[in-house]
Amino acid sequence: MSSMEEVMIHSSSFLLPSIPADKASAYAIVVLNQNLPRFTPLLWEHAKLRLCADGGANRIYDELPLFFPHEDALLIRNRYKPDVIKGDMDSIRPDVLNFYVSLGTKVIDESHDQDTTDLDKCILFIRDSTLNQESCRLQILATGALGGRFDHEAGNLNVLYRYPDTRIILLSDDCLIQLLPKTHRHEIRVQPSLQGPHCGLIPIGAPSAKTTTTGLQWDLNNTEMRFGGLVSTSNMVKGEKITVESDSDLLWTISIKKQDSTRP
Amino acid sequence: MIPAMEVMSHSSSFLLPADEASAKRYALIVLNQNLPRFTPLLWEHAKLRLCADGGANRIYDELPLFFPREDALLIRNRYKPDVIKGDMDSIRPDVLHFYLSLGTKVIDESHDQDTTDLDKCILFIRDSPLNQESSKLQILATGALGGRFDHEAGNLNVLYRYPDTKITLLSDDCLIQLLPKIHRHEIHIQPSLLGPHCGLIPIGAPSAKTTTTGLQWDLTDTEMRFGGLVSTSNLVKGEKITVESDSDLLWTIPIKKQDPNKTLRSG
């Protein structure tokens, strides 16, 4: 493997209650239309820019108050106000739309554009946002991209491949998914109290002739991976640092631990 | 084009009410996710019913919920798996004992950590005397999607690793089938039950040329690849779709949410 390849470092500090200053990254959150992961309030707190993709606004409206059962729902809805609602507007409920419009949320109706997904539209907005600076690019945290219709899920996975220069992390209650572009060597920093131990490396889109890893229970060593053959699933992280080097773009996935529900 | 490529026909008759004609050509595997609401219907269609490990918890816990006016114990007796197979790290002891006492065959494969629970079940079905050369069982699998993505990817990979076996992955929202590149495909749709959205996904490798008929946005020798065009949020136009490709594709179509008082349940 080329030693000239730049290292790309991946951390999951967005899952920490507070992010150490030396690890601070700037985040944007995109909420799509599936059940909210239980750590959504935490992601929301970390984000500089908060978008709902169409029906994702219904989820924020309906489900966020459920995370704060001892608080008044209206207070919660006011507190967790999206900056932007964008998409083709065929899923958002009228009452939800009116509520956020009255709070000052910017609504961008893109129903004329049927060629791109709601997630695409949100990513383009974030990329062009003044908050997304050359010196400090926003990493995008997207919830609700998985589950539901499989063609939606596949389209959302494809978004990772189509914006390889943008850090996008898909999050569900169960796991996260990130793209590891073949152009880089990768160092993945794991929070063992929050993630794992199960993980996988998935050659979605094209086979990999050679992938090499360190830090996994079943490390790969110039190993071939392909659909129809070996795909690294139900692997396990052994420590806090994983390295990956591959001739093909891979999806990295790791499970998110179900915490004691009384903890933040 | 390759001359005389055999046509592979796909239908979803397992979503229609079970009758003599549908004659038990199916095997059902229940994996460990929420049961789709039409699970009782799939159960009726199946000649062979397996639970993969924690899938047995789902049958035990969730099937009675589909029959709220009936006694749970009666339902559990009626929907008895033939086999429970897997590494047994998810099935609850009370569930295991219940089905053992009913005569379910339990095959503990905890020594084998190299294959997934779905693999283990497919191998069992393939080797079953009910699976005859003249009349191969088509496999319906619930609970293969959702949850941990590495599990889901492993289950999608199962479709690629058994290309000669018809396997349909089913969730409440959609179904997924493999369209092997060695065949031309005819997909027959029940518009009252499926669609209209659909997709063709080149999960494992790019496709240089795919051609379809019957879709809103048909492909004509079109290239598809991750990083480029993937056919998602397409629409079926009628009741027959054809697909021909140089690459193995996943076909997916949503299952309509029916009025709960209408069919899509057995009996």
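- As annotated in an unreviewed UniProt entry, chain B carries the name Thiamine pyrophosphokinase and comes from Brassica napus.
- The record held by UniProt for chain B lists under Subcellular location (unreviewed entry) the comment "Cytoplasm, Cytosol".

- The name an unreviewed UniProt entry assigns to chain A is Thiamine pyrophosphokinase, from the organism Brassica napus.
- UniProt lists a comment for chain A under the heading Catalytic activity (unreviewed entry), and it reads "thiamine + ATP = thiamine diphosphate + AMP + H(+)".

### A word on the packing of helix α6 (residues 150-162) of chain A against helix α6 (residues 149-161) of chain B
Then, number 1: Between α6 of chain A and α6 of chain B, the shortest axis-to-axis distance is 14 Å and the interhelical angle comes to 110°. Regarding the angle of α6 of chain A to α6 of chain B, the classification is roughly perpendicular. Side by side, α6 of chain A and α6 of chain B meet where Phe150, Glu153 and Leu157 of chain A of the first sit next to Phe149, Glu152 and Leu156 of chain B of the second.

### Some points on the interface of chain B and chain A
Then, number 1: The interface of chain B with chain A comprises 34 residues on the first partner and 34 residues on the second.
Then, number 2: Between chain B and chain A lies a buried interface of about 2700 Å² when both sides are counted; carbon and sulfur atoms form 67% of it.
Then, number 3: Counting the contacts that link chain B with chain A gives zero salt bridges.
Then, number 4: Where chain B packs against chain A, one counts 11 residue pairs in polar contact (both at pLDDT 80 or more).
Then, number 5: Those elements giving two or more residues to the side of chain B that touches chain A turn out to be α6, β8 (174-179), β10 (197-201), β13 (231-235) and β15 (249-254) of chain B.

### Looking at unusual backbone geometry
Then, number 1: Following glycine 196 of chain A, the chain continues to proline 197 of chain A via a peptide bond in cis, the omega torsion being 5°.
Then, number 2: Following glycine 195 of chain B, the chain continues into proline 196 of chain B via a peptide bond in cis, with omega recorded as 0°.
Then, number 3: Tracing the backbone shows proline 196 of chain B in the loop between β9 (184-188) and β10.
Then, number 4: The residue methionine 89 of chain A is not glycine, and still its phi comes out positive at about 60°.

### Observations regarding helix α4 (residues 94-103) of chain A
Residues spaced three or four apart along an α-helix face the same direction, because each turn holds 3.6 residues.
All names here are of chain A.
Then, number 1: The set of residues buried in α4 consists of Val96, Phe99 and Tyr100. Around the axis of α4, the buried residues are gathered within 85° of arc, so they sit on the same side. Facing away from the buried side of α4, by more than 90 degrees, are the exposed residues Pro94, Asn98 and Ser102.
Then, number 2: Those residues of α4 that are buried are in contact with α2 (56-63), α3 (73-79) and β4 (84-87).

### Re the UniProt feature "domain: Thiamin pyrophosphokinase thiamin-binding" (unreviewed entry) in chain A
Then, number 1: Here the UniProt feature "domain: Thiamin pyrophosphokinase thiamin-binding" (unreviewed entry) sits at residues 184-250 of chain A.
Then, number 2: Secondary structure within residues 184-250 of chain A divides into 0% helix and 52% strand; the distance between the first and last C-alpha atoms comes to 11 Å.

### So, the sheet that holds strand β12 (residues 223-225) of chain A
By way of backbone hydrogen bonds, the strands of a sheet pair with one another, either parallel or antiparallel.
All names here are of chain A.
Then, number 1: Read from one edge to the other, the open sheet built from five strands follows the order β1-β9-β14-β11-β12, with strand pairing classed as mixed. Both outer strands of the open sheet, β1 (7-10) and β12, are each paired with one neighbouring strand and no more. Across the sheet, the mean angle from the axis of one strand to that of its neighbour is 30°, orientation sign disregarded.

### What to know about the pattern of salt bridges
Then, number 1: What the rule picks out here adds up to 23 salt bridges over all chains.
Then, number 2: Residue aspartate 172 of chain B is joined to arginine 37 of chain B by a salt bridge in which the shortest nitrogen-to-oxygen separation is 2.4 Å. With aspartate 172 of chain B in the loop between β7 (167-170) and β8 and arginine 37 of chain B in the loop between β2 (26-30) and α1 (39-45), the pair connects residues that are 135 residues apart, well separated along the chain.
Then, number 3: Overall, the relative accessible area of 28% leaves aspartate 172 of chain B in the partly exposed class.
Then, number 4: Put simply, aspartate 119 of chain B and arginine 161 of chain B hold a salt bridge, and the shortest N to O gap is 2.8 Å. A residue pair is termed long-range when its members are at least 10 positions apart, and aspartate 119 of chain B in helix α5 (residues 117-127) and arginine 161 of chain B in helix α6 qualify at 42 residues.
Then, number 5: Overlapping salt bridges, with partners in common, bring together Asp62, Arg93 and Asp95 of chain A in one network.

### Some points on the packing of aromatic side chains
Then, number 1: Enumeration according to the criterion identifies 14 aromatic pairs over all chains in this entry.
Then, number 2: Where phenylalanine 14 of chain A meets tyrosine 27 of chain A, the ring centres are 5.8 Å apart and the plane angle is 80°; that geometry is what we call edge-to-face. Here tyrosine 27 of chain A lies in strand β2 (residues 26-31) and phenylalanine 14 of chain A lies in the loop between β1 and β2, a separation of 13 residues in the sequence.
Then, number 3: Centre to centre, the rings of tyrosine 61 of chain A and tyrosine 100 of chain A are 6.2 Å apart; their planes meet at 90°, and the pair counts as edge-to-face. Of this pair, tyrosine 61 of chain A sits in helix α2 while tyrosine 100 of chain A sits in helix α4, and the two are 39 residues apart along the sequence. Pair check on accessibility: tyrosine 61 of chain A and tyrosine 100 of chain A agree, each one buried.
Then, number 4: Among the aromatic residues, those joined into a cluster by ring pairs are Trp44, Phe68 and Tyr80 of chain A.
Then, number 5: It is arginine 79 of chain A that lies over the ring of phenylalanine 68 of chain A; its NZ or CZ is 6.0 Å from the centre.
Then, number 6: Positioned over the ring face of phenylalanine 67 of chain B is arginine 78 of chain B, at 5.9 Å from the centre of the ring.

The rules behind each value
Residues numbered from 1 in each chain as written. Chains lettered and ligands numbered in written order. Predicted model: local features only at pLDDT ≥ 70, side-chain atom pairs only at ≥ 80, totals over all residues. Heavy atoms only, no water. UniProt positions renumbered as here; feature names shortened; annotations may be inferred. Axes fitted to C-alpha atoms, helices over the stretch in contact; angles between N-to-C directions. Helix = DSSP H or I, 4+ residues; strand = E, 2+ residues; numbered from the N terminus. Parallel < 35°, antiparallel > 145°, perpendicular 65-115°, else oblique. Contact = heavy atoms within 4.5 Å. Buried area = accessible area lost by both parts, 1.4 Å probe. Salt bridge = Lys/Arg side-chain N within 4 Å of Asp/Glu carboxyl O. Polar contact = N/O pair within 3.5 Å; in protein donor to acceptor, adjacent residues only side chain to side chain. Buried < 20%, exposed > 50% of the residue type's maximum accessible area, 1.4 Å probe, protein only. Arc of directions from axis to C-beta. Pairing = 2+ DSSP bridges. Phe/Tyr/Trp six-rings, centres within 6.5 Å; stacked < 30°, edge-to-face > 60°. Lys NZ or Arg CZ within 6 Å of the ring centre and 35° of its normal.

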